[in-house]
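Analysis of the macromolecular model
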Amino acid sequence: MRPNDFHGGVHPPENKQQSTGEPIGSIPLAEDLIVSLLQHTGATALPLVKLGDDVLKGQKIAEADGLISCPIHAPSSGKVVAIEPCAVPHPSGLVEDCIVIRTDGKAQWCELEPCDDYTQLNRVELLEKIRDSGIAGMGGAGFPTAVKLDPHGGAEIDTLIINGTECEPYITADDMLMRERAEEIIAGVSILSYILDEPERVLIGIEDNKPQAIAAMREAAKGTHFNIVVFPTKYPSGGEKQLIQILTGREVPNQGLPANIGIVCQNVGTARAVYRAIHYGEPLISRVTTVVGQALERQRNIEVPIGTPIHHILKHHGIHRGLMQKVIIGGPMMGYTIDDESAPVVKTTNCLLVPTKKELPPAPVAKACIRCGYCAEACPASLLPQQLYWYARADEREKLQAYNLFDCIECGACSYVCPSTIPLVQYYRAAKGTIRQAEAEKEKSDRARDRFEFRKLRLEKAEKEKEAKREARRKAAELARQQREQNPDSEEAKTGKQEADVVAAALARVKSRQEDPQQLLARAQRTLSSAESRVERLRSKLDAADNSLRDQLAAQLKAAELKLQEAEHKLTLAKRRADRDPVREPSNEEASAAVRAISKARAAAEARAQMSGADKLAADVEALRKRVSKAEVRLLKARDENDANLEAFETALEKLQKKLEDKMREQQSAQGGEQ
């Protein structure tokens, strides 16, 4: 097929021959593997292990948190020695939560679930295996592969594109992978095609500067309907939107996805990871990475366990500290510099570039923009980089979004051609970060406002309900009071008066106890005793304390002595009051009422003690019947008055009825035994 072209693009020096001189190699296993919990686009994974746990190679150690997330697996066997924030390869330089595994050198695998024939599984099962294997896009973005293969919204996919372009200078990881693992890549493409219900076209795009990879892929793809498409080298052909335009002529809409135009795009490394996950059951725990730069004695590609510290890799490639300028993650166009070499390799680390100052000189000082327009000619997204630059400097966010800032793929082509050496991409990245942060804060503020409004409405509703209940109770009480006044001889009026008398008597008793001089005197004596004890304890502590605590204890002692004086004063007042008001004796009326009540209770107890068992049961039944009758009357009254405690009256009546039934059954059982 005849490839298309896209707007803009540049032709920087490729510098790919340095790392393609030998096959994909390996290095000794690091002592500690630092496995980041965020190696992908989306939410940070949740740890499944704790400190001190032994783990096996391939064991899941962190679970995905939500749809846009990936699980994490142990790259080798060993012991978990830390779960803490560590340096990770990221432009921000911020730390992320990581699980540190101290390897045991055995590389002992956990139990895997291989599958020789993927067609025996349905598509949902395959997607689930890919998701459980923790596979994220290995081209650089790190989007969860299972999510990408299952487009939502009912999008119909007619084209599957496999990205083998690798246009970034210096990086040859995909190139070497296609040369040496072409069969596994094609097998992975077959699985991807099967999951996508065999789309009409499967296109594998490769730039023409990789002849050995092209030959290997064509040989591996024999007998399939996959189309190896070779097109001229131009940067950034490897961008997803640019590759889609080259191979299909279609353009992804602004802020849209390839699935919106019926296309799914995956990297060759991702296809190989899918194959190994399905065929061997292996999770994604390693990747091929280019280690290149003239500050290294050895430049090549290696397959390295994820989590391997970068300084460990550089050490095994003979780094010359005196010659190196910096360590770049990625290539010179889109890569970023890191300061902490303890950061580990993650699933998206495709290159470690360690150039000398001569090889990659520091960027010169930026000059004023001369409005030459070269940046607009080079932009592959057909943007206006010059305008975006001015708006970014002025922090005009609305205009930045109006000029499609988020369509910028940060390829660096504009900065590459800028004669004023303005770091345009850095301005765009900063502006994007500012806008995302502002949107996140706005969303957070909106959610907080919604919560406040909802709580306010909820409290208002609850207060209205309470007020309605209070009003209903007040009206019911008022109505009951009026009825008692109109008919003072009724049973309800008598009951109400008795209840009121009981409450008044209880309040009077409480007030009497509170004002009793003897009680006040006893309380004052207890307070004085406690204050004296505290002063004595503090004096002992102060005598035995060292100089560092003396000031603090002295202040506490002073406060305690003041309280002691206050207690002594209160005790004096209490004694005077007790002397003036001796202990009050109960009145004759109270004493006689108590005597009558006690006599009545004793008589009832003596009468009950002389009863037979049957008589006691009969008495209990009769007493319960009376209580049930009273409860029924009270319930009817409550219903008439629409009393707020109606449910409580109903419950009490039900319990009494149940007790009566139980007692009656017991009585009947006793009578049956006697017969």
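Right, let's walk through the structure included here. (Residues numbered from 1 in each chain as written. Predicted model: local features only at pLDDT ≥ 70, side-chain atom pairs only at ≥ 80, totals over all residues. Heavy atoms only, no water.)

**With respect to the sheet that holds strand S16 (residues 351-353)**
- With mixed pairing, the five strands of this open sheet are ordered in space as S13-S12-S16-S14-S15. Taken across any chain shown, the strands that pair with only one partner, and hence form the sheet edges, are strand S13 (300-305) and strand S15 (336-338). For this sheet, the mean inter-axis angle between neighbouring strands, taken without regard to orientation, is 35°.
- The pairing of strand S14 (residues 327-329) with S16 spans two bridges and is classified as antiparallel. Across the sheet, the residue bridging to Ile329 is Leu352, located in S16. (Pairing = 2+ DSSP bridges. Helix = DSSP H or I, 4+ residues; strand = E, 2+ residues; numbered from the N terminus. Axes fitted to C-alpha atoms, helices over the stretch in contact; angles between N-to-C directions.)

**So, the packing of aromatic side chains**
- This structure, assessed with the given rule, holds five aromatic pairs.
- With a centroid separation of 5.4 Å and an interplanar angle of 70°, the aromatic rings of Tyr118 and Tyr194 are classed as edge-to-face. Note that Tyr118 is positioned in the loop between strand S7 (95-103) and helix H1 (123-132) and Tyr194 in helix H4 (residues 182-195), a separation of 76 residues in sequence.
- Tyr118 gets classed as partly exposed once you look at its relative accessible area, which sits at 22%.
- Tyr194 sits in the buried class, given a relative accessible area of 14%.
- Here the aromatic cluster, defined as three or more aromatic residues joined through ring pairs, consists of Tyr389, Trp390 and Tyr427.
- Taking the ring centre of Tyr194 as reference, the NZ or CZ of Arg123 above it sits at 4.7 Å. (Phe/Tyr/Trp six-rings, centres within 6.5 Å; stacked < 30°, edge-to-face > 60°. Buried < 20%, exposed > 50% of the residue type's maximum accessible area, 1.4 Å probe, protein only. Lys NZ or Arg CZ within 6 Å of the ring centre and 35° of its normal.)

**Observations concerning a positive patch on the surface**
- Judged by side-chain charge, Arg534, Arg537, Lys541 and Lys563 come together as a positively charged surface patch.
- Here the element with the most residues in the positive patch is helix H15 (residues 517-544); it accounts for three residues.
- Within the element layout of this structure, Arg537 appears in helix H15.
- A relative accessible area of 46% places Arg537 in the partly exposed class. (Patch = residues over 30% accessible without salt bridge, like charges linked within 9 Å, V, L, I, M, F, W, Y side chains within 5 Å. Areas by Shrake-Rupley, 256 points an atom, 1.4 Å probe, with all protein chains shown as cover. Salt bridge = Lys/Arg side-chain N within 4 Å of Asp/Glu carboxyl O. Lys, Arg positive; Asp, Glu negative; His and termini not counted. Charge placed at Lys NZ, Arg CZ, Asp CG, Glu CD.)

**Here we look at the side chain of Arg287**
- Take Arg287: it is sitting in strand S12 (residues 286-292).
- The side chain of Arg287 sits in the buried core without any salt bridge; Asp174 is the nearest counter-charge, 5.0 Å away.
- A polar contact of 2.8 Å, which involves the side chain of Arg287, links it to the backbone oxygen of Lys347.
- Not counting the four nearest positions on each side in its chain, Arg287 is found in contact with Met138, Ile302, Glu303, Val304, Val345, Val346, Lys347, Thr348, Thr349 and Asn350. (Polar contact = N/O pair within 3.5 Å; in protein donor to acceptor, adjacent residues only side chain to side chain. Contact = heavy atoms within 4.5 Å.)

**Observations concerning the packing of helix H3 (residues 173-180) against helix H7 (residues 268-279)**
- Where H3 meets H7, the closest approach of the two axes is 9 Å, and the angle between their N-to-C directions is 45°. When the interaxial angle is binned, H3 and H7 end up oblique. On H7, the residues that touch Asp174, Leu177 and Met178 of H3 are Val268, Gly269 and Arg272.
- Of the residues belonging to the contact of H3 with H7, the class tally is three nonpolar, one polar and two charged. (Parallel < 35°, antiparallel > 145°, perpendicular 65-115°, else oblique. Nonpolar A, V, L, I, M, F, W, Y, C, P; charged D, E, K, R; others polar.)

**Notes on the pattern of salt bridges**
- Evaluation of the coordinates by the stated rule reveals 39 salt bridges.
- Connected through salt bridges with shared partners, the residues Glu180, Arg181, Glu184, Arg272, Arg276, Glu282 and Glu303 form a single ionic network.

**Looking at H3**
- Among the eight residues in H3, six count as buried, and that is most of the element.
- All buried positions along H3 are accounted for by Ala173, Asp174, Asp175, Met176, Leu177 and Met178.

**Topic: unusual backbone geometry**
- In the segment running from Tyr235 into Pro236, the intervening peptide bond is cis, with an omega of 5°.
- Assignment of secondary structure puts Pro236 in the loop between strand S10 (227-231) and helix H6 (240-248).
- Phi is positive for Ala107, which is not a glycine, with a value near 50°.
- Relative to the assigned elements, Ala107 resides in the loop between S7 and H1.
- Phi at Asn404 takes a positive value of approximately 60°, unusual for a residue other than glycine.
- The topology assignment puts Asn404 in the loop between helix H11 (397-402) and helix H12 (413-417).

**Concerning the sheet that holds S7**
- The strand order across the open sheet built from four strands is S1-S7-S6-S3, with neighbouring strands paired in antiparallel fashion. The sheet is open, and its two edges are formed by strand S1 (32-36) and strand S3 (54-55), each paired on a single side.
- Strand direction decides the pairing type here: S3 and strand S6 (residues 78-87), joined by two bridges, are antiparallel. From the neighbouring strand, Val55 faces S6, where its bridge partner is Gly78.

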